[in-house]
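Analysis of the macromolecular model
So you can see what is in the structure, the chains are spelled out below.
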Amino acid sequence: MTSMKRRIFLKGTLATGALGVAASSGLLAPRSVLAAWSKDAFEAKDINSALSSLLGSSNLTASTRIKIKAPDIAENGAVVPVSVSTDLEGVESINIVVEKNQNPLAANFVLGAGAIADVSTRIKMGKTSSVLAVVKAGGKLYSTGKEVKVTIGGCGG
Amino acid sequence: MSSIKLRASAKDGVTTIKALISHPMETGTRKDAKTGEKIPAHFIQEVVCTHNGNTVITGNWGAAISKNPYLSFSFKGGASGDKIGLSWVDNKGEKDADETAIS
């Protein structure tokens, strides 16, 4: 009995120990970036206002130099792998927009020095929609889209 | 236990980073099946990845990023042993960070 209690006690201390370490290492995260998250852009209900508040413009130029990789049919809308790459020069950010999601803007990646314009992630899609890759390069917005069919929605609908 | 799984490898002058984060990524629109009440939004808003302390990429995310987010990208430069750091902050102010060396 006593050994059981001791075991539980040890488990408890180990857990708090790990949490403490995680919390303190989290403090090392740069503070300045906190202000960058745009509530207006991510809560916008349409693409134009999302892009305007995030990138200052919603004027898109179609470009064949952006490649978007996503499945033609996504069986599970909760997990749709998307990759965006481009050979455009002076890329500042890569943005992923899902046209028919409640809040179209899914992700914005700001590239730092040396970063290659090629990112992959996984997104949720409520229903069949066009997925837009919007690239900001040299102050202008370029985009390419791809239609993804969703058989089961991923936004809790 | 860190919530972050981080891998970085360098090849031909390009470093590729792959990260997997354990996070529920709740959109705030889902309902609890039992109570019928909305599950509050809980998702990562910012992910920052650094190479030897310099920011390489900053990701601003909405709730439309999948549960247990995956992120992969690469950058020019980086050598074996260099430090790669990744940190995230969510809408509740929770955060975590991890560090690895380029293999």
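All of these numbers come straight from a predicted model, not from anything done at the bench.

Conventions and cut-offs
Residues numbered from 1 in each chain as written. Chains lettered and ligands numbered in written order. Predicted model: local features only at pLDDT ≥ 70, side-chain atom pairs only at ≥ 80, totals over all residues. Heavy atoms only, no water. Pairing = 2+ DSSP bridges. Helix = DSSP H or I, 4+ residues; strand = E, 2+ residues; numbered from the N terminus. Axes fitted to C-alpha atoms, helices over the stretch in contact; angles between N-to-C directions. Salt bridge = Lys/Arg side-chain N within 4 Å of Asp/Glu carboxyl O. Buried < 20%, exposed > 50% of the residue type's maximum accessible area, 1.4 Å probe, protein only. Core = buried A, V, L, I, M, F, W, Y, C linked by side-chain atoms within 4.5 Å. Contact = heavy atoms within 4.5 Å.

1. Description of the sheet that holds strand β4 (residues 80-86) of chain A
Where strands meet in a sheet, backbone hydrogen bonds hold them as pairs that are either parallel or antiparallel. Read across the open sheet, the six strands follow the order β2(A)-β4(A)-β7(A)-β5(B)-β2(B)-β1(B); overall the sheet is antiparallel. Among the strands making up the open sheet, the edge pair consists of β2 (66-69) of chain A together with β1 (4-11) of chain B. In this sheet, neighbouring strand axes are inclined to one another by 10° on average, regardless of whether the strands run parallel or antiparallel. Pairing of strand β7 (residues 115-123) of chain A with strand β5 (residues 70-76) of chain B involves four bridges; the strand directions are antiparallel. In the sheet register, A:Thr121 faces β5(B), and the bridge partner there is B:Leu71.

2. Some thoughts on the pattern of salt bridges
Residue and element names in this part refer to chain A. Within this structure, the stated rule accounts for four salt bridges over all chains. The salt bridge partner of Arg 65 is Asp 87, with a shortest N-O separation of 3.1 Å. Of this pair, Arg 65 sits in the loop between β1 (60-62) and β2 while Asp 87 sits in the loop between β4 and β5 (91-98); the two residues are 22 residues apart in sequence, bridging distant segments of the chain. A residue is classified by how much of its surface remains accessible, and Arg 65, at 38% relative accessible area, is partly exposed.

3. Here's the deal with the nonpolar core
When a protein is soluble and globular, its nonpolar side chains tend to lie buried together. Membership of the largest hydrophobic core comes to 66 residues, with the highest contact counts inside it found for A:Ile123, B:Trp61 and B:Phe73. Counting residues per element, this core draws most heavily on strand β8 (residues 129-137) of chain A, at six residues. When residues no more than four places from it in sequence are discounted, the contact partners of B:Phe73 are A:Asp118, A:Val119, B:Thr15, B:Thr16, B:Ile17, B:Cys49, B:Val56 and B:Ile57.

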